[in-house]
Amino acid sequence: MNRRMLVNLALLGLLLVVLLALPYFGVSNFVLGLASTILIAAVLASSVNFLGGDGGMVSLGHGAIAAASAYAVGWASRQGLDSMTQVLLALVVTLVVSFLYGLLSMRTSGIYFLMVTLALGMLIYGLAFRLSSVTGGENGISGIAAPGNLHEEWIYYYVVLGIFVITTGALWVVSSSPFGASLRGLRDSESRMRSLGYSVAQYKLSAFMISGTVAGIAGVLAVWHTNFVSPSSAGVERSVLLVVMVILGGIGTLLGPLIGAAVVVLVENVLSSYVDRWPTALGLIFILVILFARAGVAGSVPKVLAKLRGRSPSATPPGDRSSPEGTAVPDRNHNP
Amino acid sequence: MFEPVFLAQQVLNGLSFGALLFLLASGLTLVFGLMKIVNMAHGAFYLLGGYIGVVIAGLTGNLLLAVITAVIVVAATAFIVEVVLLRFVRGQELPEVLLTIGVSFVIADLCLAVFGGDPQNLPTTATIPGALMIGDLVYPWYRIFVIGVAVAIGLGLAFVQTRTRIGAVVRAGVDDREIISAMGVNIAWVFTGMFVVGAGLAALGGTIGSGMQSILPGVQNEVLLYALVVIIIGGLGSVTGAAVGSVLIGLIDAFAKAWIPELAYFTIFLPMALVLVLRPTGLFGRTA
């Protein structure tokens, strides 16, 4: 274990302590709710991050997967089913939707993957919007109560925090496993992996199932938090914001999704009450990050620190898991 | 439901919407064919062009003047976006797409700030009054005019691409950009030119389209998605494909909205998903 890892572990521990202690700082319910929103967005963003960072597959349809799961909870609660059944139904819907997404997208990569997921997201949006007998149409489904005493803001915050830690940890484990290494192999050179005997489509499908499941979990968390689901949660704007979060925070990094989610949610909820033009602000931040800090916040800060200490920023230790430029799409010249 | 007049009406609806889609999709597909960029700001260019067209047409009552102003302003915007932003990420697939998403955010939001959130339409003084009447069939001339504009633009693009030196340079750039730049063509400026032309076509679509459907915030995403569907079905980079895809999607959309409104979105994206799975390069796309 080298010094860099120790520093990272210490920072992670510190962050966890701060997050755990947040309700004891005497913050208002509004702030706690905001923190929960950020953590839920971070869970969803981490599912996009896993697929994009390790698999090189940037999805523009993950918002719709979460929405499908949220709709399952909403529909079940409107039928008067208990919360256990709601969750089970959400899980089934999530798995089916993820499987369909994966099946349709597993033979594509790069821009084409982006467009297939975009189209599938729009399909779900269209269904949510038009199939009003199930989804409530434009009005969505409201009054979806969280089970037990989860409606207490601070209890729910701890539940969300716990699930965030678990999913982030699980994704980290998957990404560190041989499976994760194979995924990064696919990202870097599909043709090479194919000639080594890997079934590319199968790996992509599995990766999508894992990522989709995490997105579905985020969908359940979100719908219990807002007690409401509407077609806009499946819209392309949601999915675009997820990609913005991932890129802002740093694609392929452990805490990138959390940082990105915090920035986007805060700009959306806090900055918007002071500045009318918050989408412009968000768009400009996004453009600047892509132009000058491609590795995102979590990827760039260590580089800048290293530079300040007079080391070459390229002196990353071997086995660095993030992609070099923070953009995990293979150069198109290397595509088969 | 199957009366001849109703069918004719829906066919004309489909064709005129398809014409609008072609104006959008041709620019998008040309830019993709040459530069390999999926320009996610294309819808925002349409939005900006539409607003400027509506304002100028409201001031002057002249559609031609409105179109020219809109095209010039949007082309200038696209020029700045290309030269100041896109050049820095040239050749990197993902950053290029993401950058245009950021640009789309900014343009759409600034449009909201300047032009407000109310739906806006081309003033009737600037459109073509009256309607075509054949027996029971009544159809507004303006929509037929839109079909005419799209056909003219399509023929013009085909002529330029196959019969002129500019077209030859563009086709060479699509085939092999290293060779064409080795032959003394500054490919970077060809890229800029193509991006500007694509944006100009979107602005033309925006202004003319605002006589058919309202311009309002959010429309940029809708038209972008329709255009993406069209060029994916037709084949990325193919103008012929864009034309066929536009007519196909226009007709499917018109009949779906009339017959099965509950599944209107579904009917558009299902063919696209099928094309992507069965023939990922699209109907007229070439294999990479």
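Keep in mind it's a predicted model, so treat the numbers as computed, not measured.

Concerning the overall build of chain A
Working step 1: Regarding its fold elements, chain A presents 14 helices and two strands.
Working step 2: The globule rule puts the C-alpha radius of gyration for 336 residues at 20 Å, and the 20 Å found for chain A is close to it.
Working step 3: With the principal axes as the frame, chain A shows a C-alpha extent of 60 × 50 × 40 Å.
Working step 4: Expressed as a percentage of the 336 residues in chain A, the buried residues total 49%.
Working step 5: Summarising the internal contacts of chain A: among those between residues at least 6 apart in sequence, 78% fall at separations of at least 24.

A look at the interface of chain A and chain B
Working step 1: Contacts between the two partners involve 37 residues from chain A and, on the opposite side, 35 residues from chain B.
Working step 2: For the side of chain A that touches chain B, the elements supplying multiple residues, two or more each, are helix H5 (110-130), helix H11 (236-249) and helix H13 (278-292) of chain A.
Working step 3: Among the residues forming the side of chain A that touches chain B, the class breakdown is 26 nonpolar, six polar and five charged.

Regarding the packing of helix H2 (residues 29-54) of chain A against H11(A)
Residue and element names in this part refer to chain A.
Working step 1: Between H2 and H11, whose axes approach to 9 Å, the crossing angle comes to 75°. When the axis of H2 is compared with that of H11, the two are roughly perpendicular. Only Leu 242, Val 243, Met 245 and Val 246 of H11 make contact with H2, whose side of the interface consists of Ala 41, Leu 44, Ala 45, Val 48, Asn 49 and Gly 52.
Working step 2: Looking at side-chain class alone, the contact of H2 with H11 contains eight nonpolar, two polar and no charged residues.

Points about the nonpolar core
Inside soluble globular proteins, nonpolar side chains tend to come together where they are buried.
Working step 1: Residues B:Ala227 and B:Val229 are the most contacted members of the largest nonpolar core, which totals 194 residues.
Working step 2: Beyond its immediate chain neighbours, meaning those up to four positions away, B:Val229 contacts B:Ile249, B:Ile268, B:Phe269 and B:Met272.

A word on helix H11 (residues 264-278) of chain B
Residue and element names in this part refer to chain B.
Working step 1: With 15 residues, H11 extends 22 Å between its outermost C-alpha atoms, agreeing within 8% with the 21 Å of an ideal straight helix rising 1.5 Å per residue.
Working step 2: Regarding H11, the residues found buried are Tyr 265, Ile 268, Phe 269, Met 272, Ala 273, Val 275 and Leu 276. All buried residues of H11 lie within an arc of 160° about the axis, which places them on one face of the element. More than 90 degrees from the buried face of H11, the exposed residues found are Leu 274 and Leu 278.

Notes on unusual backbone geometry
Working step 1: Look at A:Asn227: it is not a glycine, yet its phi comes out positive at around 60°.
Working step 2: Tracing the backbone through its elements, the reader meets A:Asn227 in the loop between helix H10 (200-226) and strand E2 (228-229).

Quick notes on the confidence of the model for chain A
Residue and element names in this part refer to chain A.
Working step 1: With 92% of its residues at a pLDDT of at least 70, chain A reaches an overall mean of 85.
Working step 2: When pLDDT is averaged over each element of chain A, H10 comes out on top at 95 and helix H14 (residues 296-308) at the bottom at 81.
Working step 3: Every residue in residues 313-336 scores below 50 in pLDDT, and together they form 48 contacts with partners more than four places removed in sequence or on other chains.

What about the pairing of strand E1 (residues 131-134) of chain B?
All names here are of chain B.
Working step 1: Here E1 pairs with strand E2 (residues 137-140) via four bridges, running antiparallel. Note on E2: the bridge partner recorded for Met 133 is Val 138.
Working step 2: Connecting E1 to the next strand, E2, in antiparallel fashion are two residues, including Gly 135 with a positive phi near 60°.

Digging into the packing of H11(A) against helix H12 (residues 256-269) of chain A
All names here are of chain A.
Working step 1: With their axes 7 Å apart at the nearest point, H11 and H12 run at an angle of 120° to one another. If you check the angle between H11 and H12, you find them oblique. Crossing of H11 over H12 shows right-handed handedness. Mapping the contact onto sequence places Leu 241, Val 244, Met 245, Val 246, Leu 248 and Gly 249 in H11 and Gly 256, Pro 257, Leu 258, Ile 259, Gly 260, Ala 261, Val 263 and Val 264 in H12.
Working step 2: For the contact of H11 with H12, a count of residues per class yields 11 nonpolar, three polar and no charged.

Details of helix H7 (residues 153-176) of chain A
Working step 1: With 24 residues, H7(A) extends 34 Å between its outermost C-alpha atoms, agreeing within 8% with the 34 Å of an ideal straight helix rising 1.5 Å per residue.
Working step 2: Of the positions making up H7(A), those classed as buried are A:Tyr156, A:Tyr157, A:Val160, A:Phe164, A:Thr167, A:Thr168, A:Leu171 and A:Ser175.

Considerations on the environment of A:Gly235
All names here are of chain A.
Working step 1: Here Gly 235 shows up in the loop between E2 and H11.
Working step 2: Residue class for Gly 235 comes out buried when judged on the 22 C-beta atoms lying within 10 Å of it.
Working step 3: Here the alpha-carbon distance between Gly 235 and Asn 29, two residues 206 residues apart in the chain, equals 28 Å.
Working step 4: Sequence-distant contacts of Gly 235, that is, excluding residues within four places in its chain, are made with Gly 63 and Tyr 125.

Describing the environment of A:Leu254
Residue and element names in this part refer to chain A.
Working step 1: With respect to the secondary-structure elements, Leu 254 resides in the loop between H11 and H12.
Working step 2: What makes Leu 254 buried here is the crowd of 21 C-beta atoms within 10 Å.
Working step 3: Along the primary structure Leu 254 and Leu 100 are separated by 154 residues, whereas in three dimensions their C-alpha atoms are 27 Å apart.
Working step 4: Residues in contact with Leu 254, not counting those within four places in the same chain, are Thr 168 and Trp 172.

What counts and what doesn't
- Residues numbered from 1 in each chain as written.
- Chains lettered and ligands numbered in written order.
- Predicted model: local features only at pLDDT ≥ 70, side-chain atom pairs only at ≥ 80, totals over all residues.
- Helix = DSSP H or I, 4+ residues; strand = E, 2+ residues; numbered from the N terminus.
- Rg over C-alpha atoms; globule rule 2.2 N^0.38 Å.
- Buried ≥ 20, exposed ≤ 12 C-beta atoms within 10 Å, placed from the backbone.
- Contact = placed C-beta atoms within 7 Å.
- Nonpolar A, V, L, I, M, F, W, Y, C, P; charged D, E, K, R; others polar.
- Axes fitted to C-alpha atoms, helices over the stretch in contact; angles between N-to-C directions.
- Parallel < 35°, antiparallel > 145°, perpendicular 65-115°, else oblique.
- Core = buried A, V, L, I, M, F, W, Y, C linked by C-beta atoms within 7 Å.
- Expected span 1.5 Å × (residues − 1).
- Arc of directions from axis to C-beta.
- pLDDT = per-residue confidence, 0-100.
- Pairing = 2+ DSSP bridges.
- Left-handed = near helix turned anticlockwise from the far one by under 90°.

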